[in-house]
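Letter by letter, the chains look like this.
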Amino acid sequence: MMLAVEYMRANFQRPISLEQVAGEVYLNPEYFSRIFREEMGVTFITFLTELRLNRSVQLLEETAMRVQDIARETGYPNVSYFSTTFKKKYGVSPYEYRRKN
């Protein structure tokens, strides 16, 4: 599973799918999904979202990048979806988060 996690950490800023990562580690997607959850304690999508949001927080705190650019940089081609996902996790929009921090 560590190879899959390493691949995800190296590529989370790109559009990646469960099927793609499963293929990288030569596993059937359904089996990979089940094993990933058992070993990591979260689903593939939850883990990928955490990688992306953790990086976005770092960029919001440490750079002056525009939120649209941070969204793209962290694998969200749509700033609206990024903002919705961010707000669901942190309770504030990326804009508000930056203002408060």
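Residues numbered from 1 in each chain as written. Predicted model: local features only at pLDDT ≥ 70, side-chain atom pairs only at ≥ 80, totals over all residues. Heavy atoms only, no water.

## Notes on the side chain of Ser-93
Alright, step 1. In this fold, Ser-93 is placed in the loop between helix 6 (79-90) and helix 7 (94-100).
Alright, step 2. In this view, Ser-93 contacts Phe-86 and Lys-87; residues no more than four positions away in its chain are not counted. (Helix = DSSP H or I, 4+ residues; strand = E, 2+ residues; numbered from the N terminus. Contact = heavy atoms within 4.5 Å.)

## Thoughts on the packing of helix 1 (residues 2-11) against helix 4 (residues 44-62)
Alright, step 1. Two numbers describe how helix 1 lies on helix 4: the axes approach to 10 Å, and their chain directions differ by 40°. By the criterion of interaxial angle, the relationship of helix 1 to helix 4 is oblique. Relative to helix 4, the crossing made by helix 1 is right-handed. Contacts between helix 1 and helix 4 pair Val-5, Met-8 and Arg-9 from the former with Phe-44, Phe-47, Leu-48 and Leu-51 from the latter. (Axes fitted to C-alpha atoms, helices over the stretch in contact; angles between N-to-C directions. Parallel < 35°, antiparallel > 145°, perpendicular 65-115°, else oblique. Left-handed = near helix turned anticlockwise from the far one by under 90°.)

## Some details on the packing of helix 4 against helix 6
Alright, step 1. In the contact formed by helix 4 and helix 6, the axes pass within 11 Å of each other and the chain directions differ by 90°. As the angle between them shows, helix 4 and helix 6 are arranged roughly perpendicular. In this structure, helix 4 uses Thr-49, Glu-50, Leu-53, Asn-54, Ser-56, Val-57 and Leu-60 to contact helix 6, whose residues at the interface are Phe-82, Thr-85, Phe-86, Lys-89 and Tyr-90.
Alright, step 2. Counted by class, the contact of helix 4 with helix 6 contains six nonpolar, four polar and two charged residues. (Nonpolar A, V, L, I, M, F, W, Y, C, P; charged D, E, K, R; others polar.)

## A look at the nonpolar core
Alright, step 1. Grouped together as the largest cluster of nonpolar side chains are 15 residues, with contacts concentrated most on Met-8, Val-21, Phe-32, Phe-36 and Phe-44.
Alright, step 2. Listed by contribution, the elements that provide at least two residues to this core are helix 1, helix 2 (18-24), helix 3 (29-40) and helix 4.
Alright, step 3. Those residues in contact with Val-21 that sit more than four places away from it in its chain are Ala-4, Tyr-7, Met-8, Ile-16, Phe-32 and Phe-44.
Alright, step 4. Ala-71, Tyr-76, Phe-82 and Tyr-97 belong to the second-largest nonpolar core, a separate cluster that totals twelve residues. (Core = buried A, V, L, I, M, F, W, Y, C linked by side-chain atoms within 4.5 Å. Buried < 20%, exposed > 50% of the residue type's maximum accessible area, 1.4 Å probe, protein only.)

## Notes on unusual backbone geometry
For residues besides glycine, phi is generally negative; the peptide bonds are generally trans as well.
Alright, step 1. Unlike most non-glycine residues, Tyr-26 shows phi in positive territory, near 60°.
Alright, step 2. By secondary structure assignment, the location of Tyr-26 is in the loop between helix 2 and helix 3.

## Quick look at the pattern of salt bridges
Alright, step 1. Applying the stated criterion across every chain, the model contains four salt bridges.
Alright, step 2. For Arg-34, the salt bridge goes to Glu-38, with nearest N and O atoms at 3.6 Å. Taken together, the residues span about one helical turn, with Arg-34 and Glu-38 both in helix 3 at a distance of four residues.
Alright, step 3. Classification of Glu-38 by relative accessible area gives exposed; the value is 55%.
Alright, step 4. A salt bridge links Arg-72 to Asp-69; its shortest N-O distance comes to 2.5 Å. Here the residue Arg-72 and the residue Asp-69 both occupy positions in helix 5 (residues 67-73), the gap between them amounting to three residues, near one helical turn. (Salt bridge = Lys/Arg side-chain N within 4 Å of Asp/Glu carboxyl O.)

## Some words on helix 4
Alright, step 1. The end-to-end C-alpha distance of helix 4 is 27 Å, a good match for the 27 Å that 19 residues give at a rise of 1.5 Å each.
Alright, step 2. The elements touched by buried residues of helix 4 are helix 1, helix 2, helix 3, helix 5, helix 6 and helix 7. (Expected span 1.5 Å × (residues − 1).)

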